[in-house]
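# Descriptive analysis of the structure
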Amino acid sequence: MSEITKPTDKKEIFGHPQGLFYLFFAELWERFSFYGMRALLTLYMVNVIFEKLVERDYATAAVYASYGSLVYASTVVGGRISDSILGMRNSIFLGGILMAVGHFVLAIENNIAFFLALSFIIVGNGFFKPNISTFVGTLYKEGDPKKDSGFTIFYMGINIGGWVAPLLCGFLAAKYGWHYGFGLAGIGMLTGLIFFWSGIRRGVFGDKGLPPENGNINKSVAGIKQGTLVSILAVLAAPVIAYLLASYKSLGADGSMLEGTNIVNLLFYIIGIAVLGYMAYIMISATVDERKKLFAAILFTFFMTIFWGFHELSGSVITLFAARNVDLEGIMSAAQTNSLNSMWIIILAIPISMIWTWLTKKKMNPRTPYKFGLGLLFAGISFYILAISESSANENGLVPFAYLLLMYFLISVGELFMSPVGLSKMTDLAPKRIIAFIMGVWFLSSAFAFQVVGFIGKQLAIESTDANIGGFDTLGVYTDGFLLIAKYSLGAGVVVLLASPLIKRLMGNVH
Ligand code: GLN
């Protein structure tokens, strides 16, 4: 872990602090590793890890959901440890190294190694992701109008990684083998760390991101410095998490899968109840104005959970749908279709933010609840497009690629209506004293969303002993499911739009 500091380098690039561009590339490469691996994950589980199970889709959906939930939930813990002990720089280094270890362990073909690898990525992401995002904010003075565009640039970095990685990792996996794909993801993560490290060497972060001044990092517990203890515990947490991930099933005597107690599911019920309970407690002690705003923040987080719950199907059910029922016409492989969301975000992010600025000038920029309602409608329409693709299937039960492309276009528009807007509203709606907690809850919305993904994935799991399932049988299962999702999402969108005048009132002066 590095603690090198140099005086702040005041140089700017495109009017932004130089440090932004080091964080941009560090995050670009970290997301490269994250999404490169994610593009392969579901297909790897179905075709390799659970190959012999009749219920391999089911097992894959369960593990994918637990992985996704924990990868986002761990950010709450990583954020807190950074605030009280490590500081952002050390957290980013620790997280990056753990993630790289995870990716390289994935390159070992063994089931135990597989669960262990996912666990390293979960713990690593917990330290890396929240801290690099917060780090961006610290580069700007409070109220600096450039901060928002700084975040837009940063979001671009995320999506450049998310766009390129599935293409390259998918290509390597198909041509040379899964482990080359996973290996490239690991190299991507190391590249990210090198960018971050070179930023520190050049002093572009000034004194930002150092451990908190309380000096906890050097205080000892049981003779071990807290900073070292955190690293040791982070490594020890990995096998425990691996055990939780593997609790998706128990095997019957004949090798068939029996439903075991999924500990991760259980854990999320408990976390959900605890968070709601704590929220209720905060609401009781808040002033009337704070209470209203908090209630609005809870509603937005809830709507976001619904949206991500459908959106994050891209790495699971939609990847399987692409593999089994989309005529990819040699354009790209199923793993590579994971790049489409990020591709659209890169194309659409700037035009959409320009539309908001233009509408603001005309005093017509819709308030947040309307954007959320529209975002859910876009998600609904996107799934409706996939549902009706069935009517254009060829004789092998394959639907044209254009449907998938259009689906990703629509859901990406929805994402831009909700995700960046919601993030900035959270900071406006939460009372200052609990802002960190509310941001944690916001990240938890992605974690809970993966429980939705798991639920849907299990409903749409196809039982088979045949490696090449596809055709009209699976097409019908998927498109029926997509139609149901479309109805729920459209329904939710309409409800949010109808409730918008009320939600608007809760928000007071926040736009
Ligand atoms: N695509 C964004 C990222 O990777 C957001 C993902 C999410 O919160 N579910 O950072």
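An account of the accompanying structure is given in this report.

Definitions and limits used
- Residues numbered from 1 in each chain as written.
- Predicted model: local features only at pLDDT ≥ 70, side-chain atom pairs only at ≥ 80, totals over all residues.
- Heavy atoms only, no water.
- Helix = DSSP H or I, 4+ residues; strand = E, 2+ residues; numbered from the N terminus.
- Rg over C-alpha atoms; globule rule 2.2 N^0.38 Å.
- Buried < 20%, exposed > 50% of the residue type's maximum accessible area, 1.4 Å probe, protein only.
- Contact = heavy atoms within 4.5 Å.
- Areas by Shrake-Rupley, 256 points an atom, 1.4 Å probe, with all protein chains shown as cover.
- Salt bridge = Lys/Arg side-chain N within 4 Å of Asp/Glu carboxyl O.
- Phe/Tyr/Trp six-rings, centres within 6.5 Å; stacked < 30°, edge-to-face > 60°.
- Expected span 1.5 Å × (residues − 1).
- 1 Å grid on protein atoms, 1.4 Å probe; cavity = no way out; pocket = protein on both sides within 12 Å on 5 of 7 lines; lining within 4 Å.
- Points joined across faces, edges and corners; volume = space filled by probe spheres on them.
- Nonpolar A, V, L, I, M, F, W, Y, C, P; charged D, E, K, R; others polar.
- Near = heavy atom within 4 Å.
- Polar contact = N/O pair within 3.5 Å; in protein donor to acceptor, adjacent residues only side chain to side chain.
- Axes fitted to C-alpha atoms, helices over the stretch in contact; angles between N-to-C directions.
- Parallel < 35°, antiparallel > 145°, perpendicular 65-115°, else oblique.
- Left-handed = near helix turned anticlockwise from the far one by under 90°.

Another point: the overall build of the protein. Of the regular secondary structure elements, the protein holds 15 helices and eight strands. Rg of the C-alpha trace for the protein: 22 Å, near the compact-globule value of 24 Å for 511 residues, within the 12% margin. Here the C-alpha coordinates of the protein stretch approximately 65 × 55 × 45 Å along the principal axes. Taking all 511 residues of the protein together, the buried fraction comes to 56%. In the protein, once contacts between residues fewer than 6 apart in sequence are set aside, the share between residues at least 24 apart is 82%. Just so you have it, the protein exposes about 21500 Å², and 66% of that area is on carbon and sulfur atoms.

This part covers the pattern of salt bridges. Inspection of every chain in the model, using the stated rule, returns six salt bridges. Residue glutamate 27 is joined to arginine 31 by a salt bridge in which the shortest nitrogen-to-oxygen separation is 3.8 Å. Here the residue glutamate 27 and the residue arginine 31 both occupy positions in helix α1 (residues 18-49), the gap between them amounting to four residues, near one helical turn. Assessed through its relative accessible area of 0%, glutamate 27 is described here as buried. Assessed through its relative accessible area of 0%, arginine 31 is described here as buried. A salt bridge links arginine 38 to glutamate 312, with the nearest nitrogen and oxygen atoms 3.0 Å apart. With a gap of 274 residues between them, arginine 38 in helix α1 and glutamate 312 in the loop between α9 (288-311) and α10 (317-325) connect regions that are remote in the sequence. On the basis of relative accessible area, arginine 38 is assigned to the buried category, the value being 8%. Assessed through its relative accessible area of 5%, glutamate 312 is described here as buried.

Right, let's get into the packing of aromatic side chains. Summed over the entire model, instances satisfying the criterion amount to 30 aromatic pairs. Here phenylalanine 300 and phenylalanine 372 contribute two aromatic rings whose centre-to-centre distance is 4.8 Å and whose plane-to-plane angle is 50°, an arrangement assigned as tilted. Here phenylalanine 300, found in helix α9, pairs with phenylalanine 372, found in helix α12 (residues 368-388); they are 72 residues apart in sequence, far enough to count as distant. Considered together, phenylalanine 300 and phenylalanine 372 belong to a single accessibility category, that of buried residues.

Our next topic: helix α3 (residues 88-106). At 3.6 residues per turn, the α-helix brings residues three or four places apart onto the same side. In this model, α3 (19 residues) spans 27 Å end to end at C-alpha, consistent with the 27 Å of a helix rising 1.5 Å per residue. Across the 19 residues that make up α3, a large majority, 16, are buried.

Inspection of the entire model under this criterion finds two cavities of 30 Å³ or more. By volume, the largest cavity is sized at about 70 Å³. In this structure, the largest cavity is lined by Thr42, Asp57, Thr60, Ala61, Ser316, Val317, Leu320, Gly457, Leu460, Ala461 and Tyr478. Breaking the lining of the largest cavity down by element, the ones donating at least two residues are α2 (56-86) and α10. Here the residues of the lining of the largest cavity sort into six nonpolar, four polar and one charged.

Every residue near the ligand is listed here: Arg31, Tyr35, Tyr72, Lys129, Ile158, Trp308, Glu312 and Ser446. One of the side-chain N or O atoms of arginine 31 is found 2.9 Å from an oxygen atom in the ligand. One nitrogen or oxygen atom from the side chain of lysine 129 is found 2.5 Å from an oxygen atom belonging to the ligand. Considering the ligand on its own, with 300 Å² of exposed area, one finds that the protein chains cover 91% of that surface. Grouping the amino acids of the shell around the ligand by side-chain chemistry returns four nonpolar, one polar and three charged.

Let us look at the packing of α3 against helix α4 (residues 111-138). Closest axis-to-axis distance for the α3/α4 pair is 7 Å, and the angle between their directions is 150°. On the basis of the axis angle, α3 is roughly antiparallel to α4. Of the two possible hands of crossing, α3 and α4 adopt the one that is left-handed. Residues belonging to the contact of α3 with α4 are distributed by class as follows: 18 nonpolar, ten polar and one charged.

Now for unusual backbone geometry. Even without glycine at this site, phenylalanine 14 takes up a positive phi of about 50°. Following the sequence through the fold, phenylalanine 14 ends up in the loop between β1 (12-13) and β2 (16-17). Here phenylalanine 14 falls in the exposed class, since its relative accessible area comes to 74%. Positive phi, close to 55°, is recorded for lysine 363, a residue that is not glycine. Turning to its location among the elements, lysine 363 is positioned in the loop between α11 (340-361) and α12. Given a relative accessible area of 76%, lysine 363 falls into the exposed group.

Before going further, it helps to examine the environment of serine 33. Relative to the helices and strands, serine 33 resides in helix α1. We classify serine 33 as buried; its relative accessible area is 0%. Along the sequence, serine 33 and isoleucine 121 sit 88 residues apart, while their C-alpha atoms lie 10.0 Å from each other. Each residue touching serine 33, except ones within four places of it in the same chain, is listed here: Met99, His103, Ala185 and Met189. Among the polar contacts made by the side chain of serine 33, one reaches the side chain of histidine 103 at a distance of 3.2 Å.

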